[in-house]
There are 2 protein chains.
Amino acid sequence: MALKARVLYEFNSENPGEITVKENEVVVLHSEQDIEGWLEGTNARGERGLFPASYVEVLRGDAVTPSRHGGTASFKADAQVDSFAKAVAPSFPKAVAPSFAILPAPSQNQHKYQVSHHGSEEDWDDDWDDSSAAADEPAGAGGGDPDFQGNGPSTYRLSTSVARGGYPQQAKSSGTVGRNLNRFSTFVKSGGEAFVLGEASGFVKDGDKICVVMGQYGPEWQENPYPFTCTIDDPTKQTKFKGMKSYISYKLTPTHTQNPVNRRYKHFDWLYARLVEKFPVISIPHIPEKQATGRFEEDFIAKRRKGLIWWMNHMTSHPVLARCDVFQHFLTCSSTDEKAWKQGKRKAEKDEMVGASFFLTISTPAVPLDLQDVESKIDGFKAFTKKMDDSVLYVSATISEFARKQMLGFKKEYQKVGQSFKVLSQAFELDQQPFSVGLNEAIAFTGEVYDAIGEYFTEQPKQDLEPVMDLLTLYQGHLANYPDIIHVQKGALTKVKESQKHGEEGKVDHPHSEGIRERCNIISFATLAEINHFHQIRVRDFRAQMQHYLQEQIGFFRKITSKLEEALQKYDSP
Amino acid sequence: MALKARVLYEFNSENPGEITVKENEVVVLHSEQDIEGWLEGTNARGERGLFPASYVEVLRGDAVTPSRHGGTASFKADAQVDSFAKAVAPSFPKAVAPSFAILPAPSQNQHKYQVSHHGSEEDWDDDWDDSSAAADEPAGAGGGDPDFQGNGPSTYRLSTSVARGGYPQQAKSSGTVGRNLNRFSTFVKSGGEAFVLGEASGFVKDGDKICVVMGQYGPEWQENPYPFTCTIDDPTKQTKFKGMKSYISYKLTPTHTQNPVNRRYKHFDWLYARLVEKFPVISIPHIPEKQATGRFEEDFIAKRRKGLIWWMNHMTSHPVLARCDVFQHFLTCSSTDEKAWKQGKRKAEKDEMVGASFFLTISTPAVPLDLQDVESKIDGFKAFTKKMDDSVLYVSATISEFARKQMLGFKKEYQKVGQSFKVLSQAFELDQQPFSVGLNEAIAFTGEVYDAIGEYFTEQPKQDLEPVMDLLTLYQGHLANYPDIIHVQKGALTKVKESQKHGEEGKVDHPHSEGIRERCNIISFATLAEINHFHQIRVRDFRAQMQHYLQEQIGFFRKITSKLEEALQKYDSP
């Protein structure tokens, strides 16, 4: 019997290879395995093609398997869609999928994140892990923290499953600093609450220790004593199952091993999920977006590779991320040693030092921080990220429009001028005067030069504005991560204040209160170290990128100038 | 009793200082003397201001004085209005004035020409000569030469009083080569017909002789043995009649005398009319347009001065025009010696060697031209001017749009980018990180640089595109002159063919026929010399102007480049 699925939400085909499916329509599936979030099937009208897996439920006799994408959150870099997503957020608890139905095209920009991803070895060879803990993680219930919602347009672009949860509404149970009743709070989910309340436990090996030290500008992550970088090259199309499945493989060469390994996008995606799960107060750079159609087109591959390179640079520059086991496994495990890979994969997925336990691995300087000072620093950073997020969005929109104008409008104007010079020279050629030949040729050449300048304007944005846009996109990802990180620290701080108050009222004993304060101190050290790291790489990245941009612009205008000089010389000959 | 006038055509005020007048409305005139084609008065609604003199008729008891502008022709550089003017041309015989009623604003671009202008000394001090021979010169009757009418859009922009007349329709009177019955033909009006038929006579002084010689590229005007140029400086506002009348005076300094003289626009206008009248086959460069409002504004004065300089350069480069008496009088007569000025003025206005008689002053090489060869050259030139006119119009429209885009769109784009960089630096300033101060300042500076580049784009067209547009406008004037010149030569050629045919049929005697051929030979020599001159100055002017344009463009892009380099350097400091 052919496997079937019922359509939950209407989907209109927008790209070649996709098919339109209507609500309640039953489609025949060619495979239960989706390809990067897409299923292949035949609809009631006999059309065969792709549609989003999340739009259908698989029918198994009477049993219905909900589409596993239903619980994942989507991240859209596009601001308009984001503010839209915000607007509809309160209605999300049932399923996130309806929001897909209104996004321009599911093939664009979908970015799953903050989803627990415990794939088993059996399905590792599929394009995507099929099991998902997403269903255990209900989407945020809306409402909540006024700091992060409704605070002016486009402040934070967040998934609905994170930071939507309310700010800790303390359960004032008598005698102890209570648990947060809002089980969707980031503070709770990250393990921050459990850690602060002293509920996290585990054995920390020496190798797992993460040190925060006092640096010139406050707490910082201890530097990686063995810094390295990693190149990403040679995206190559590979096939398996006798050509049934195709994928792109990238050659990664870390400088500390010099051994190239081949990795696929899904490996990056798996790694990303591990990192997000493990590090509650570290901003994991976002990997490039998923895309169903055009995955094998050269442009797309080049763009994805570029995104992965950006990602990799941020990973290797991070003192904690660069050294963590799962990342090292990813970078160093031989692509041909399947057994070793699976072993490392299993180990990473079984890592206990994640979430609440992660905080156990942090060792801080002996002198505790002044929590009031920390609070003011965190508030300052919060204000900074908001402002930076706004301005990054603004710069991004402005320069992408600038790129568009150069590629279309500016080009057209210069080429129109070029054309008019050509027309003039053609008219002049009718003059039959031997003494004007030089001039006519020079004018014709000037026409060509303006045509060429038009082309330059079309080609230039790829060289200078695009890298800036890539940088901004990456930072938009970081900025979207920070509200969660701040939430965790603020949650801890609130617990300290609570316990202080209860202590004064004699409701909690001193050692308990002291423990809360100590653990909040650890979280604060880690958060400030991460903020410090963010500023360091931000200054490094923006300086480098602005320099590159200006160098490119200078080269561009020089190229135009020398082309014009070439034209000018033509007028010297009589 | 206050002087009144009846409004012939509705006029809607479009600029400050103008008033709206309705058809048949009676307005009170403040003076019968108009100011550059405008009268001042008060309309029925009590509004006081300017309206076109040509739109009203002055009421004197029962007598009606037709507005003296009624018979003049208007030349519009604007192509759209021109093609419109062409379309309405057939209805013109009654009066030219109605065409004014539809022109966007009478204050723009009106260019009177080909009007006999025998001003008397008495009214010389008025802003404009009041007497006009225009009424003796009825407007063209439409129809006529298919070569110059309806031959595709925007081929020739001509006044209605010239070249509208039909191509010679020969009166086949028996025995002689007849007169052209179409008394509006340019051939007739220019005196070309009278000359060819041997009807012109006069005593040619040696000093009046104009020589055509054989040059490297065919017949050419004998070079001016005393070449000179003339600067136009210091436009100064002058008043007279106790401040009642104001005008702008320009200081002209010819290099051959080094004596500066002061001249007003109306002197140029008077000179222009003399030249047009005198030289039937020489293209008189057009003087800049008239304008009623804003005459004393700096921008307008600067623009007019620039136009007069262009005009002057074309005058002094012309071997015939540069040397002619009326021009020399204009350039050399002391501004303070009123008597000498009036004498020269009277002499010029009484010059008999104009029109038909002008041809008597031409002396040509002894060897006659091959008339078939001449005809083919003239046809080639005609095709050339048409094509050049089209392309000049096209280039002119393109670069004026290009200038507009740079001054508005390009500027806006660069300044938006500048603004976004500034916003980013403002966000970064919130970071409170001492190590980012250098970067933040550099980004702010980059913002300023892009703002400045935007300004450069606004300022640049005045430096490079505007001079090209000025050049094109001047050449549009020349190109508008050539149909008349070609008409005269073609009319002469037709007479030759006619007389040949009649000679073969025995209808005319040999000496008469020979005379026609000889006189046609003179006209042909003069026409070819003028065409040759046109090509020479065209190549000179376009080469110089394209070089200037490219030099300016190179300077512009270099300026941008060095500004960007300045910005780049800011990123070096930490």
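- If you look chain A up in an unreviewed UniProt entry, it shows as Sorting nexin from Scleropages formosus.
- According to its UniProt record, chain A has this under Subcellular location (unreviewed entry): "Cytoplasmic vesicle membrane".

Remarks on the relation of the copies chain A and chain B
For step 1, the next point in the chain: Its rotation angle being 180 degrees, the transformation that places chain A on chain B also includes 0.1 Å of axial translation and leaves an RMSD of 0.2 Å. Taken together, the rotation and translation describe the operation of a two-fold axis. Looking at the rotation axis and the C-alpha trace of chain A, the residue lying nearest is A:Phe557, at 3.0 Å.
For step 2, the next point in the chain: Interface overlap between copies is the fraction of interface residues in one copy that are interface residues in the other; for chain A against chain B it reaches 100%, indicating a shared surface.

Looking at the pattern of salt bridges
For step 1, the next point in the chain: Within this structure, the stated rule accounts for 52 salt bridges over all chains.
For step 2, the next point in the chain: Among the salt bridges present, the one from A:Glu47 reaches A:Arg45, with a minimum N-O distance of 4.0 Å.
For step 3, the next point in the chain: Between A:Arg540 and A:Asp541 there is a salt bridge whose closest N-O contact spans 2.9 Å.
For step 4, the next point in the chain: Here A:Arg540 falls in the partly exposed class, since its relative accessible area comes to 37%.
For step 5, the next point in the chain: For A:Asp541, a relative accessible area of 8% corresponds to the buried category.
For step 6, the next point in the chain: Several salt bridges share partner residues, and in doing so they unite A:Glu401, A:Arg404, A:Lys405, B:Glu413 and B:Lys416 into one network.

Re the packing of aromatic side chains
For step 1, the next point in the chain: Summed over all chains, the structure comprises 64 aromatic pairs over all chains.
For step 2, the next point in the chain: Ring centres 5.0 Å apart and planes at 20 degrees place the aromatic pair B:Tyr414 and B:Phe457 in the stacked group. You can see B:Tyr414 sitting in helix H9 (residues 371–429) and its partner B:Phe457 sitting in helix H10 (residues 437–463), a full 43 residues away along the chain. Of the two residues examined, B:Tyr414 and B:Phe457, each falls in the buried class.
For step 3, the next point in the chain: Stacked on the ring of A:Tyr265, the Lys or Arg A:Arg304 has its end atom at 3.5 Å from the ring centre.
For step 4, the next point in the chain: Here the guanidinium or amino end of B:Lys559 rests over the ring plane of B:Tyr456, the centre of that ring lying 4.3 Å away.

Looking at the packing of helix H6 (residues 298–316) of chain B against helix H11 (residues 465–504) of chain B
All names here are of chain B.
For step 1, the next point in the chain: Where H6 contacts H11, the two axes come as close as 11 Å, and the packing angle between them is 55 degrees. Classified by the angle between their axes, H6 and H11 sit oblique to one another. Handedness of the crossing formed by H6 with H11: right-handed. Contacts from Lys306, Trp310, Trp311 and His314 of H6 reach H11 at Glu466, Pro467, Asp470, Leu471, Leu474, Tyr475 and His478.
For step 2, the next point in the chain: Of the residues in the contact of H6 with H11, the class split is six nonpolar, two polar and three charged.

A few points about unusual backbone geometry
Trans peptide bonds make up the majority, and among non-glycine residues the majority have a negative phi.
Residues and elements named next belong to chain A.
For step 1, the next point in the chain: Even without glycine at this site, Asn24 takes up a positive phi of about 75 degrees.
For step 2, the next point in the chain: Checked against the element boundaries, Asn24 lands in the loop between strand E1 (4–7) and strand E2 (26–29).
For step 3, the next point in the chain: Among the residues examined, Asn24 registers a relative accessible area of 53% and is labelled exposed.
For step 4, the next point in the chain: Despite not being glycine, Gln258 has its phi angle at roughly 65 degrees, a positive value.
For step 5, the next point in the chain: Mapped onto the fold, Gln258 is located in the loop between strand E10 (245–254) and strand E11 (261–264).
For step 6, the next point in the chain: By relative accessible area, which is 53% here, Gln258 ends up exposed.

Brief notes about helix H8 (residues 338–349) of chain B
Residues and elements named next belong to chain B.
For step 1, the next point in the chain: With twelve residues, H8 should reach 16 Å at 1.5 Å per residue; the first-to-last C-alpha distance of 16 Å fits that figure.
For step 2, the next point in the chain: The set of residues buried in H8 consists of Trp341, Gly344, Lys345, Ala348 and Glu349. The buried side chains of H8 occupy one side of the element, clustering within an arc of 130 degrees when seen end-on. Within H8, the exposed residues directed more than 90 degrees away from the buried face are Lys339 and Lys347.
For step 3, the next point in the chain: Of the surrounding elements, those touching the buried residues of H8 are strand E11 (261–264), helix H5 (265–278) and helix H7 (325–332).

Some thoughts on the interface of chain A and chain B
For step 1, the next point in the chain: Counting residues at the interface gives 64 residues for chain A and 64 residues for chain B.
For step 2, the next point in the chain: At the boundary of chain A with chain B, total buried surface from both sides reaches about 6300 Å², with 75% on carbon and sulfur atoms.
For step 3, the next point in the chain: Ranking the residues of chain A by area buried against chain B places A:Phe435, A:Arg543 and A:Phe557 at the top, with a combined share of 11%.
For step 4, the next point in the chain: Where chain A meets chain B, there are six salt bridges.
For step 5, the next point in the chain: One salt bridge connects A:Glu413 with B:Lys405, and the closest N-O pair in it is separated by 2.8 Å.
For step 6, the next point in the chain: Across the contact surface, chain A and chain B share 14 residue pairs in polar contact (both at pLDDT 80 or more).
For step 7, the next point in the chain: Mapped by element, the contributors of at least two residues to the side of chain A that touches chain B are helix H9 (371–429), helix H10 (437–463) and helix H12 (510–570) of chain A.
For step 8, the next point in the chain: Here the side of chain A that touches chain B gets 25 residues from one element, more than from any other, and that element is H9(A).
For step 9, the next point in the chain: For the side of chain A that touches chain B, the class distribution of residues is 36 nonpolar, 17 polar and eleven charged.

Remarks on the state of the cysteines
All names here are of chain B.
For step 1, the next point in the chain: Scanning all chains against the criterion turns up zero disulfides over all chains.
For step 2, the next point in the chain: As a non-bridged cysteine, Cys230 has Cys324 as the owner of its nearest cysteine sulfur, 14 Å distant.
For step 3, the next point in the chain: In this structure Cys230 comes out as buried when scored by relative accessible area, which is 5%.

Re the sheet that holds strand E10 (residues 245–254) of chain B
Residue and element names in this part refer to chain B.
For step 1, the next point in the chain: Here three strands make up an open sheet; going across it, the order is E9-E10-E11 and the pairing antiparallel. What marks the edges here is a single partner per strand, and that holds for strand E9 (230–240) and E11. Averaged over all adjacent pairs, the angle separating strand axes in this sheet is 35 degrees, with direction ignored.
For step 2, the next point in the chain: Relative to E11, H5 is tilted by about 80 degrees, and along the sheet it contacts E9, E10 and E11.
For step 3, the next point in the chain: Where H6 meets the sheet, its contacts fall on E9 and E10, and the angle it forms with E9 comes to roughly 135 degrees.

Quick word on the sheet that holds E11(A)
Residue and element names in this part refer to chain A.
For step 1, the next point in the chain: As summarised here, the arrangement of the three strands in space is E9-E10-E11, forming an open sheet in which the pairing is antiparallel. The open sheet has two free edges, formed respectively by strand E9 (230–240) and E11, since each of these has just one partner strand. Here the average twist between neighbouring strands, direction ignored, is 35 degrees.
For step 2, the next point in the chain: Relative to E10, E9 runs antiparallel, the two being bridged by nine bridges. Within E10, the position partnered with Asp233 by the bridge is Lys251.
For step 3, the next point in the chain: Each of E9, E10 and E11 is contacted by helix H7 (residues 325–332), which is oriented at about 115 degrees to E11, the strand it contacts most.

Remarks on the side chain of A:Asn532
Residue and element names in this part refer to chain A.
For step 1, the next point in the chain: Within the fold, Asn532 resides in helix H12.
For step 2, the next point in the chain: Take Asn532: its relative accessible area is 5%, and that puts it in the buried class.
For step 3, the next point in the chain: The residues touching Asn532, leaving out its near neighbours within four places in the chain, are Tyr217, Gly218, Pro219 and Glu220.

Here's the deal with the confidence of the model for chain A
Residue and element names in this part refer to chain A.
For step 1, the next point in the chain: Summing up the model confidence of chain A, the mean pLDDT is 79 and the portion of residues at 70 or higher is 76%.
For step 2, the next point in the chain: In the predicted structure, residues 63–175 sits below a pLDDT of 50 and forms 258 contacts with residues beyond four places in sequence or in another chain.
For step 3, the next point in the chain: If you check the scores for this complex, the pTM reads 0.72 and the ipTM reads 0.72.

What counts, and at which threshold
- Residues numbered from 1 in each chain as written.
- Chains lettered and ligands numbered in written order.
- Predicted model: local features only at pLDDT ≥ 70, side-chain atom pairs only at ≥ 80, totals over all residues.
- Heavy atoms only, no water.
- UniProt positions renumbered as here; feature names shortened; annotations may be inferred.
- Least-squares fit on C-alpha atoms with pLDDT ≥ 70 in both.
- Contact = heavy atoms within 4.5 Å.
- Salt bridge = Lys/Arg side-chain N within 4 Å of Asp/Glu carboxyl O.
- Buried < 20%, exposed > 50% of the residue type's maximum accessible area, 1.4 Å probe, protein only.
- Phe/Tyr/Trp six-rings, centres within 6.5 Å; stacked < 30°, edge-to-face > 60°.
- Helix = DSSP H or I, 4+ residues; strand = E, 2+ residues; numbered from the N terminus.
- Lys NZ or Arg CZ within 6 Å of the ring centre and 35° of its normal.
- Axes fitted to C-alpha atoms, helices over the stretch in contact; angles between N-to-C directions.
- Parallel < 35°, antiparallel > 145°, perpendicular 65-115°, else oblique.
- Left-handed = near helix turned anticlockwise from the far one by under 90°.
- Nonpolar A, V, L, I, M, F, W, Y, C, P; charged D, E, K, R; others polar.
- Expected span 1.5 Å × (residues − 1).
- Arc of directions from axis to C-beta.
- Buried area = accessible area lost by both parts, 1.4 Å probe.
- Polar contact = N/O pair within 3.5 Å; in protein donor to acceptor, adjacent residues only side chain to side chain.
- Disulfide = S-S within 2.5 Å.
- Pairing = 2+ DSSP bridges.
- pLDDT = per-residue confidence, 0-100.

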